[in-house]
Amino acid sequence: MTDNIPLQPVRQKKRMDSKHRGGCCECLRCCGRREPRPRTVWLGHPEKREQRYPRNVINNQKYNFFTFLPGVLFNQFKYFFNLYFLLLACSQFVVEMRLGALYTYWVPLGFVLAVTVIREAAEEIRCYMRDKEVNSQIYSKLTARGTVKVKSSNIQVGDLIIVEKNQRVPADMIFLRTSEKNGSCFLRTDQLDGETDWKLRLPVSCTQRLPTASDLLQIRSYVYAEEPNIDIHNFVGTFTREDSDPPVNESLSIENTLWASTVIASGTVVGVVLYTGRELRSVMNTSNPRSKIGLFDLEVNCLTKILFGALVVVSLVMVALQHFAGRWYLQIIRFLLLFSNIIPISLRVNLDMGKIVYSWVIRRDSKIPGTVVRSSTIPEQLGRISYLLTDKTGTLTQNEMVFKRLHLGTVAYGLDSMDEVQSHIFSIYTQQAQEPPAVKGLSVATKVRRTMSSRVHEAVKAIALCHNVTPVYESNGVTDQAEAERHYEDSCRVYQASSPDEVALVQWTESVGLTLVGRDQSSVQLRSPGGHILNFTILQIFPFTYESKRMGIIVRDESTGEITFYMKGADVVMAGIVQYNDWLEEECGNMAREGLRVLVVAKKSLTEEQYQDFEARYVQAKLSVHDRSLKVATVIESLEMEMELLCLTGVEDQLQTDVRPTLETLRNAGIKVWMLTGDKLETATCTAKNAHLVTRTQDIHIFRLVTNRGEAHLELNAFRRKHDCALVISGDSLEVCLKYYEYEFMELACQCPAVVCCRCAPTQKAQIVRLLQERTGKLTCAVGDGGNDVSMIQEADCGVGVEGKAVFSSVFYFASVPLYQGFLIIGYSTIYTMFPVFSLVLDKDVKSEVAMLYPELYKDLLKGRPLSYKTFLIWVLISIYQGSIIMYGALLLFESEFVHIVAISFTSLILTELLMVALTIQTWHWLMIVAELLSLSCYIASLVFLHEFIDVYFIATLSFLWKVTVITLVSCLPLYVLKYLRRRFSPPSYSKLTS
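Below is a summary of the structure that appears in this document. This one's a predicted model, so the numbers in the text were calculated from it and none came from an experiment.

**Notes on the sheet that holds strand β19 (residues 515-519)**
Read across the sheet, nine strands follow the order β16-β15-β25-β24-β23-β22-β21-β20-β19 without closing on themselves; strand pairing throughout is antiparallel. Where the open sheet ends on each side, the last strands, each with one partner, are β16 (412-413) and β19. Looking at chain direction, β19 and strand β20 (residues 523-527) are connected through four bridges and run antiparallel. Residue pairing for β20: Arg519 is matched across the bridge by Val524. The strands that helix α14 (residues 500-511) touches are β15 (397-407), β19, β22 (550-557), β23 (563-569), β24 (597-606) and β25 (644-655); relative to β15, the one it contacts most, it runs at about 50°. Along the sheet, helix α17 (residues 608-622) contacts β21 (533-542), β22, β23 and β24; its crossing angle with β21, the most-contacted strand, is approximately 40°.

**Digging into the nonpolar core**
Counting residues in hydrophobic clusters, the biggest one holds 42 residues, and the most contacted among them are Leu406, Val421, Trp508 and Leu526. For this core, the element with the most residues is helix α12 (residues 444-465), which contributes eight residues. Contacts of Leu526, omitting those with residues within four sequence positions, involve Ala464, Leu465, Leu514, Thr515, Leu516, Val517, His532, Ile533, Leu534 and Phe536. Residues Val706, Tyr741, Cys752 and Leu771 belong to the second largest nonpolar core, which totals 32 residues.

**Description of the sheet that holds strand β13 (residues 269-275)**
Taken together, six strands build an open sheet; the order of strands is β3-β2-β4-β13-β5-β11 and the sheet is antiparallel. Every interior strand has two partners, whereas the edge strands, β3 (146-151) and β11 (257-258), have only one. In terms of strand pairing, strand β2 (residues 138-143) meets β3 through six bridges, oriented antiparallel. In the strand pairing of β3, Tyr139 is matched with Val150.

**Let's talk about the pattern of salt bridges**
Opposite charge on two side chains lets them pair, provided their charged atoms get close. The full count for this structure, using the stated rule, is 20 salt bridges. In this structure, Arg597 and Asp501 form a salt bridge, with 2.5 Å as the shortest nitrogen-oxygen distance. Here Arg597 is found in strand β24, whereas its partner Asp501 is found in helix α14, with 96 residues between them in sequence. Pair check on accessibility: Arg597 and Asp501 agree, each one buried. Put simply, Glu795 and Arg770 hold a salt bridge, and the shortest N to O gap is 3.3 Å. In this pair, Glu795 sits in helix α25 (residues 790-795) while Arg770 sits in helix α24 (residues 762-776), placing the two residues 25 residues apart along the sequence. Through salt bridges with shared partners, one network takes in Glu458, Lys461 and Lys603.

**Thoughts on the packing of aromatic side chains**
Scanning all chains against the criterion turns up 18 aromatic pairs. Consider the rings of Phe542 and Phe614, whose centres lie 6.1 Å apart with planes at 90°: the pair is edge-to-face. With Phe542 in strand β21 and Phe614 in helix α17, this residue pair connects regions lying 72 residues apart in the sequence. Neither residue differs from the other here; Phe542 and Phe614 are each classed as buried.

**Details of helix α20 (residues 681-690)**
The buried fraction of α20 amounts to nine of the ten residues, a majority that puts the element mostly inside the structure. Within α20 the residues assigned to the buried category are Leu681, Glu682, Thr683, Ala684, Thr685, Cys686, Thr687, Ala688 and Asn690. At the C-terminal side of α20, His692 shows a positive phi close to 65°.

**What about a negative patch on the surface?**
Taken together, the side chains of Asp571, Asp582, Glu585 and Glu586 make up a negatively charged region of the molecular surface. Along the polypeptide, Asp571 turns up in helix α15 (residues 571-574). For Asp571, a relative accessible area of 30% corresponds to the partly exposed category.

**A look at the environment of His457**
Mapped onto the secondary structure, His457 falls in helix α12. Filtering out sequence-adjacent residues up to four positions away, His457 remains in contact with Ile425, Ile428 and Tyr429.

What counts and what doesn't
Residues numbered from 1 in each chain as written. Predicted model: local features only at pLDDT ≥ 70, side-chain atom pairs only at ≥ 80, totals over all residues. Heavy atoms only, no water. Pairing = 2+ DSSP bridges. Helix = DSSP H or I, 4+ residues; strand = E, 2+ residues; numbered from the N terminus. Contact = heavy atoms within 4.5 Å. Axes fitted to C-alpha atoms, helices over the stretch in contact; angles between N-to-C directions. Core = buried A, V, L, I, M, F, W, Y, C linked by side-chain atoms within 4.5 Å. Buried < 20%, exposed > 50% of the residue type's maximum accessible area, 1.4 Å probe, protein only. Salt bridge = Lys/Arg side-chain N within 4 Å of Asp/Glu carboxyl O. Phe/Tyr/Trp six-rings, centres within 6.5 Å; stacked < 30°, edge-to-face > 60°. Patch = residues over 30% accessible without salt bridge, like charges linked within 9 Å, V, L, I, M, F, W, Y side chains within 5 Å. Areas by Shrake-Rupley, 256 points an atom, 1.4 Å probe, with all protein chains shown as cover. Lys, Arg positive; Asp, Glu negative; His and termini not counted. Charge placed at Lys NZ, Arg CZ, Asp CG, Glu CD.

The analysis is restricted to geometry; functional conclusions fall outside its scope.
Structure (structure tokens):
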């Protein structure tokens, strides 16, 4: 039933997303760039280019030399909070509006701007140095003059570039030649697409057959390539050689490409450059760096607007009480300037300094050693995160697969019993050679052991043969490469494969006695425990695909001539291929619940006639023009029937240290975790279970692959009926859902306790972050370790008490005359009050150990109560109360000494400020006491220099001291009583923990 859930299609809105580099053609036109077009690239002849291509330069900076200062200032003054202080300072250049010396306003503002500019400059310099390191990497280029060295930034379209093993590919290229004997190479692509699997790449067959690499310059050939785009999983092009008879034409696909930001994992390769600079696939999948502002800053900015509105109202009231006499409009401006200290610039100073201290604390945290804070403007964001989006590979896991379990149905072997497996393998290859062939007189126990040894041997041999792993031998300083390969030297052998779990399986068979020592495109060599080499001929191989979820291989044992078809794959597909059994489904479920990635291994013996019949049909199907893939699959499926179930294997991706307790803590703190990965669905699901991202009591809904609106509608309806269910969805299905049912999908996904998005492209990761921000309005934090995570990280968010002094003017006939002038204003905004307020960054509601023990406390931060409108209003009322007490208390107690009103009120103000900071503190730190005493000492010491404003002899009298003490106590003591009563009768949630 699909009519019970009304799903509304998304209305396509025309919008320009300036954050995305791979924007539409309109964006390219307005930026002065040409539309991307298909291109013809001649090998080794960049001068034959038919259009102008961008330089091969990587640039991740936000500004350049000319835009740095304007850009930084614009990002500061586009917010009202900062613009307010700029306008305030500029107004003092007008004589009629001047209330004091210019330095009164420009020194604090200049200090804030200087800190900001220095911080931004430091971050830009660090970014520039990283870009320079990448752009300055040296590569070898084939030219008519021979091989020359060239910087990565000087590489052009059409250049023939040589890339060594473990070297980064500098540009998007077509693979022409390799030094590997098997005529292929492996790529590490985790920095591009996040997938841990190594990718097998094949060179153009025409160029691979050339005698030497220099012959590439002697032939007349070119590559026709599609226009630059963001699709890293597909490519369409052709290779043409014109000087042969007849001309050679080869189709090119993704398996012939070497994308930039990948790393060569085997051999030395030669490629021709197709795309450079901003047209690279990796660059088009990243977003422009942007300046982030924290939610706290936005809230302060909003409160500043409210306060400014209050200033306008109060100024109008003051002028109205003067009956708008004279140049009343000028009086309004003067009152606005006079009351401007209601929004103290010291708040801006303290915010910036507090962020710097938080960043410093993060860097010095012993629990996260080596942490570097790249941006010091948003550290407080970490305290208000609602969604944590994380990569899998290298973030949750170490990308190291470990073999954990071998299950034979009647018996299972774990890590603690692998010596038994090894014993069975040794008995097969050693004891049989020593014992007579007759079995008469053997005990039942011996027969049982032989039967079990045979089963274990067949399972281990199948695992050692059914894979795509290639052993490679390297020089170790003692043995050279050729000798190591000839003698199968163990210390020089390295396994290469397209998947780390494949390597884990082969490493395990080596540990139990059956070692993979050699492989090429037609044969495999295994070494038995006794050192004997077992030779197998590869007759056919059927690679693993995302759709089939299985791989197979047909081999012939050279010693016996036996032909065997081995297959391994996911249990969901293998269950219908193997012979009937009563344990497969149950044991697969048990192993999966342990977080293991389960593979089912099976075999089928073939006669020579059966294989010849299959080969004839298989070759004929591969030659078909129409429905080739379907016909090939049908022929293969004819073999995949009634196969003998050998075993189950369980491998586990090693998790990072403390991942499970960390995810548990985040879940208890009310933070939802989404895993966005480029890895396969099965791997991502297993990791989610293993890391306890999905708890044992939660169901998992695997969103089936959808390709159109109708399928998406049906699947969303099926998903809506699930409750408290984690979601696993592939990138392709996600794209369809967001295209037609964006609102409905995000609504359902946000209700899930956890979400896993697999096969995610970099742009999709950033899109998910952006949609979460737009749909929920909550703060997001993105965590990743690869280049494919940059867009997601850039898109994510991760990252007051107001003192009033306005009462004097209403007492003195509403005159627009400042009470505190010159250095008194600067001193109050900086050295007199900055240290105590700044020391509040050391305050803690509870100890860090208690916070980690009770992560539910984090939920209070998500509510934002410390800076709510209610809290803001309370502090405004407190400010009005204290300002009134100070002024009217001075009037009542100092009638005869009223000429000393500045000394009276300012001293009371400083003492009140220090006591209010003390009232706010929850947990005292010795630096807080130092800050309080230092501020008081600075005020007392500065009295020597402030004789222009304050009479030192007057404030030394006993009468002054006790009366100021009374005013200060009346302004602060009621607040202390209220705080005590509140903690007594309405304690906060954490008070029981602290007690």
